[in-house]
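Examination of the molecular architecture
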Amino acid sequence: MALRRVLGLGAALGRRSFCSKQPLPPDFVEALRAVVGAPNVSTATAVREQHGHDESMHDCAPPDAVVWPQAVEQVQELAALCHRCRVPMVPFGTGTGLEGGVNAVQGGVCFDLSRMDAITELSLEDFSVVVEPGVTRKALNKHLRGTGLWFPVDPGADASLCGMAATGASGTNAVRYGTMRPNVLNLRVVLPDGRLLHTAGPGRQPRKRAAGYDLTSLFVGSEGTLGFLTQATLRLHPLPEAVAVTTAAFPSVRAAVACTVQVLQAAVPVARIEFLDEVMVEACSRFSKLELPAAATLLLELHGSRRGLAEQQQQTEEIVQLNGGSSLAWAKQLEEREQLWAMRHSAWYAALALRPGCQGYSTDVCVPISRLPDVVVETKQDLQDSGITGPMVGHVGDGNFHCIIVFNTQDPAEARRVHAFTERLGRRALAAGGTCTGEHGVGLGKRALLREELGQEGLDTLRSIKTALDPHNLMNPGKVL
Amino acid sequence: MAALRVLVGVKRVIDYAVKVRPAPGGGAPGDLPRPLRVQTQGVKHSLNPFCEIALEEAVRLKEKGAASEVIAVSVGTKASQETLRTALAVGADRAVLLEVGEGQAVGPREVATALAALAGRLQPQLLLLGKQAIDDDCNQTGQMLAAMLDWPQGTFASRLELESGAVLVEREVDGGLEKLRLRLPAVLTADLRLNEPRYATLPNIMKAKKKPLEVIPAAELGGTPPDPPRLKILKLEEPPARGGGQKVQDVPALLEGLKQAGRI
């Protein structure tokens, strides 16, 4: 509780405040059991605690009960029941979010949707597939093995695809393949009162449409506050014929970021371009037992046909040379490439390993590419001035970077410094014309910054939409708004 | 490029992610009342993971210039053609299906016999198989095949290197790693750490449709009619369902509970 206050998370912008947790009505749990069967309902403390937190450091807020629906009709019945009794509902996929999205701050029922795990309607000519919440992105890609297609959105964790749609997830491949938003063609949503909505119409997956307001885009990134995403139609992409990965060390942060900007301006269709500052590189090298020089580093991946790839490699090498970067050693074998990316994906744990016993908090600002060098350099200076351990890692191709702040949550002075730093960073990004959250979502912690980012009219419009779809504020209350 | 021909055995198996169930039993006259097969109708199948690793190694040998031709072979029903097309998409030059009838019992001995006969025809210098199939977990085909051909064998290979007329194999054994030098021709079976297999890409899948795939009835290969199968499945059932757990207050209660369950 104290930590949340310190980080300025106490102010709720919704109608309910943190303290209005109501006990479940009598016979409610029995009614839940009547819908899904007793084995699919739990009020055990351990189970509720498991469902009350994600990978962020927000305090665990367990729901009053957890249910496992097996089919969408059950989700509808359960939602209608909760709606009648005014009980809050929290959707749960894999619990790998980073903003406290599943924390049941007002109690209620957690809907664990992982048992609904069908992969259906795979179309190799239409490049689309339909998945339920229990399907994770790695499971989908393994299922697609042998078809020549893949789903490229890669946030690092093996997250539920519907969960990724709910948070508008992104990742290392977004610079070329896009975030979740352009890759979700249709959603089957259970609204808070139990009605079923297909955002692009039932059974449709047009690659483009101009039919009415874009409901699919509304629900992508809604973080469980507008309804349950019980099925998603996803856009698939062809696997690249040839892939090459390399690291490049630079004499300064500015040189590395400038190189990124130039690679994009040269229209090299880079698939992934990740930045690691020297603190992050050292932490990752130690953690993953690789030997990379401790300098501002770029980790790049190129996709293309065999001949096209060679041309991209040459272009990239020239630009890296121009910015004073090291010579490039391209990895082509799957094992070497996986090793480099595993090192990058374990950045979170590598950062935590710098100060064992401390907790981690990741910032997530995203700014226009033109402003990126300045914002990154200023942020780095701010980190040093504030004496905060915050290795930086980022999808610089999108202008998005994370400071993984590792600090002792029990030390109020340090916690205050961290809080002040994140506020300054958020405002710095907003002042540069960017956003306070590029991919992690608003969740519990960024609601105050949302008003600054969108303005009063923006926030009021969001509230109107929320009230229209969820007038009793039962869907994941306490998040986003 | 060395004139080294590699034969890679691949098997079509139920996909590792599928929840396997016994086939619905009975129904037709003459059927046994309890099912002795698992449900395969409408179930996702794929290339056996260890065969994928063997195939990947063969394709890498060709890319390095150490091998001149990679031939994928499978002993199975007509459905195995789709598995062979995947093998062609990954990089095999041509494929051979040694076809058996639907419902025909085909175990390691039958497969090894068929592969040995094909090896006699195609004269490869290297025979690469997966160490075992994930449906039966037999881990016998490679070994039997080597014995039938009287070729040296390097099983559980986690690293291999070709030399002139020989192959250097690093094997994963119980005590650690063992390094062998085997004279060619030899039989090798691939273990997990040999490599990370590539995914087939769309352009390669399209090219694979044009690569040659020959279908030969397995019975025709041997010359003599095949021996009747020696293995008979006696029983096939799901493991018992997991019962609820129980908390006890103290050790005497624990012992009482174990006695009642007939465990002590």
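Residues numbered from 1 in each chain as written. Chains lettered and ligands numbered in written order. Predicted model: local features only at pLDDT ≥ 70, side-chain atom pairs only at ≥ 80, totals over all residues. Heavy atoms only, no water.

Let's shift gears to the overall build of chain B. A tally of helices and strands in chain B yields 7 helices and 11 strands. Principal-axis analysis of the C-alpha atoms gives chain B an extent of 75 × 50 × 40 Å. The proportion of buried residues among the 264 residues of chain B is 41%. In chain B, 71% of the contacts between residues at least 6 apart in sequence involve partners at least 24 apart. Looking at chain B as shown, the accessible area adds up to about 15200 Å², and 53% of this sits on carbon and sulfur atoms. Averaged over its 35 positive side-chain charges, chain B has a centre that lies 2 Å from the centre of its 31 negative ones. (Helix = DSSP H or I, 4+ residues; strand = E, 2+ residues; numbered from the N terminus. Buried < 20%, exposed > 50% of the residue type's maximum accessible area, 1.4 Å probe, protein only. Contact = heavy atoms within 4.5 Å. Areas by Shrake-Rupley, 256 points an atom, 1.4 Å probe, with all protein chains shown as cover. Lys, Arg positive; Asp, Glu negative; His and termini not counted. Charge placed at Lys NZ, Arg CZ, Asp CG, Glu CD.)

Residues and elements named next belong to chain A. Taking 1.5 Å per residue as the helical rise, helix α15 (residues 372–386) with its 15 residues ought to reach 21 Å, and the 21 Å between its terminal C-alpha atoms agrees with that figure. By the burial criterion, the buried members of α15 are Leu372, Pro373, Val375, Val376, Thr379, Lys380, Asp382, Leu383 and Ser386. Contact partners of the buried residues in α15: α10 (253–265), β13 (270–276), α11 (278–288), β17 (392–395), β18 (400–407) and α16 (412–431). One or two steps after α15, the chain reaches Gly387, where phi turns positive at roughly 65°. (Expected span 1.5 Å × (residues − 1).)

Residues and elements named next belong to chain A. With respect to topology, 5 strands assemble into an open sheet ordered β5-β6-β10-β8-β9, the strand pairing being antiparallel. With one partner strand each, in any of the chains shown, β5 (119–123) and β9 (196–198) form the two edges of the open sheet. Ignoring which end each strand starts from, the neighbouring axes of this sheet average 10° apart. As judged from the 6 bridges shared by strand β8 (residues 184–190) and strand β10 (residues 228–235), these two strands associate in the antiparallel manner. If you follow Arg188 over to β10, its bridge partner there is Gln231. (Pairing = 2+ DSSP bridges. Axes fitted to C-alpha atoms, helices over the stretch in contact; angles between N-to-C directions.)

Note on aromatic pairs: each is described by the distance of the centres and the angle between the planes. Per the counting criterion, the structure on display carries 2 aromatic pairs over all chains. Summarising the aromatic geometry, the rings of Phe111(A) and Phe228(A) are spaced 4.3 Å apart at their centres and angled 35° between planes, so their arrangement reads as tilted. Of the two residues, Phe111(A) is situated in strand β4 (residues 109–112) and Phe228(A) in strand β10; the sequence distance between them amounts to 117 residues. Here Phe111(A) and Phe228(A) have matching classes, each one buried. Note on Trp150(A) and Tyr177(A): the rings are 5.4 Å apart at their centroids and 80° apart in plane angle, and the pair reads as edge-to-face. A residue pair is termed long-range when its members are at least 10 positions apart, and Trp150(A) in strand β7 (residues 149–150) and Tyr177(A) in helix α7 (residues 174–177) qualify at 27 residues. Just above the ring of Tyr199(B) sits the side chain of Arg145(A); from NZ or CZ to the centre is 4.3 Å. (Phe/Tyr/Trp six-rings, centres within 6.5 Å; stacked < 30°, edge-to-face > 60°. Lys NZ or Arg CZ within 6 Å of the ring centre and 35° of its normal.)

Each partner contributes residues to the interface: chain A has 18 residues there, and chain B has 15 residues. The junction of chain A with chain B conceals about 1500 Å² of combined surface from both sides, 52% of it contributed by carbon and sulfur atoms. Between chain A and chain B we count 6 residue pairs in polar contact (both at pLDDT 80 or more) in total. Contributions of two or more residues to the side of chain A that touches chain B are made by α5 (137–143) and α13 (334–345) of chain A. (Buried area = accessible area lost by both parts, 1.4 Å probe. Polar contact = N/O pair within 3.5 Å; in protein donor to acceptor, adjacent residues only side chain to side chain.)

Residue and element names in this part refer to chain B. Strands sit in the order β9-β8-β7-β10-β6-β1-β4-β5-β11 across an open sheet of 9 strands; the sheet is mixed. The open sheet has two edge strands with one neighbour each: β9 (176–183) and β11 (213–217). On average, adjacent strands in this sheet sit at an angle of 30° to one another, irrespective of strand direction. Pairing of strand β4 (residues 69–76) with strand β5 (residues 94–99), which is carried by 6 bridges, proceeds in the parallel orientation. Looking across to β5, one finds that Ala72 is bridged to Ala95. Contacts from helix α3 (residues 108–122) reach β1 (5–9), β4, β5, β6 (126–130) and β11, with the element oriented near 145° to β4. The strands touched by helix α4 (residues 141–149) within the sheet are β6, β7 (153–163) and β10 (186–190), with β6 carrying the most contacts at an inclination of about 155°.

All names here are of chain A. Side chains Met89 and Pro91 project from strand β3 (residues 89–92) onto one buried face, and the interleaved Val90 and Phe92 project onto a second face that is buried too. Relative to β4, β3 runs parallel, the two sharing 4 bridges. Counted as the bridge partner of Met89 is Val109 from β4.

The subject of this paragraph is the confidence of the model for chain A. Residues with a pLDDT of 70 or more make up 96% of chain A, whose mean pLDDT is 91. Contacts from residues 1–19 of chain A, a stretch scored under 50 in pLDDT, to residues over four places away or in other chains number 43 contacts. (pLDDT = per-residue confidence, 0-100.)

Right, let's get into the packing of α15(A) against α16(A). Residue and element names in this part refer to chain A. The contact between α15 and α16 brings their axes to 11 Å, and the two run at 165°. Between α15 and α16, the angle is such that the two are roughly antiparallel. Considering the relative orientation of α15 and α16, their crossing is right-handed. Mapping the contact onto sequence places Val375, Glu378, Thr379, Asp382, Leu383 and Ser386 in α15 and Arg417, Phe421, Arg424, Leu425 and Arg428 in α16. Class assignment for the residues of the contact of α15 with α16 results in 4 nonpolar, 2 polar and 5 charged. (Parallel < 35°, antiparallel > 145°, perpendicular 65-115°, else oblique. Left-handed = near helix turned anticlockwise from the far one by under 90°. Nonpolar A, V, L, I, M, F, W, Y, C, P; charged D, E, K, R; others polar.)

What follows deals with the nonpolar core. Counting 44 residues, the largest nonpolar core has Phe250(A), Phe275(A), Leu298(A), Val376(A), Phe401(A), Cys403(A) and Ile405(A) as the members making the most contacts within it. For this core, the secondary structure elements donating two or more residues are β12 (242–250), α10, β13, β14 (296–304), α12 (306–322), α15, β18 and α16 of chain A. With 6 residues, α10(A) is the largest single contributor of residues to this core. Sequence-distant contacts of Phe275(A), defined by excluding residues within four places in its chain, comprise Val253(A), Ala256(A), Ala296(A), Thr297(A), Leu298(A), Val376(A), Met392(A), Val393(A), Gly394(A) and Val396(A). In terms of nonpolar packing, the next biggest core, distinct from the first, is built from 40 residues, Ala67(B), Leu160(B), Ala186(B) and Leu194(B) among them. (Core = buried A, V, L, I, M, F, W, Y, C linked by side-chain atoms within 4.5 Å.)

Let's shift gears to unusual backbone geometry. A cis amide bond, omega 0°, links Leu184(B) with the succeeding residue Pro185(B). With respect to the helices and strands, the residue Pro185(B) is situated in the loop between β9 and β10. One non-glycine residue, Asn473(A), adopts positive backbone phi at about 50°. Inspection of the secondary structure assignment puts Asn473(A) in the segment after α17 (447–469). Residues other than glycine seldom take positive phi values, yet Phe156(B) does so here, at roughly 55°. Checked against the element boundaries, Phe156(B) lands in strand β7. Residue Phe156(B) is classed as partly exposed on the basis of its relative accessible area of 23%.

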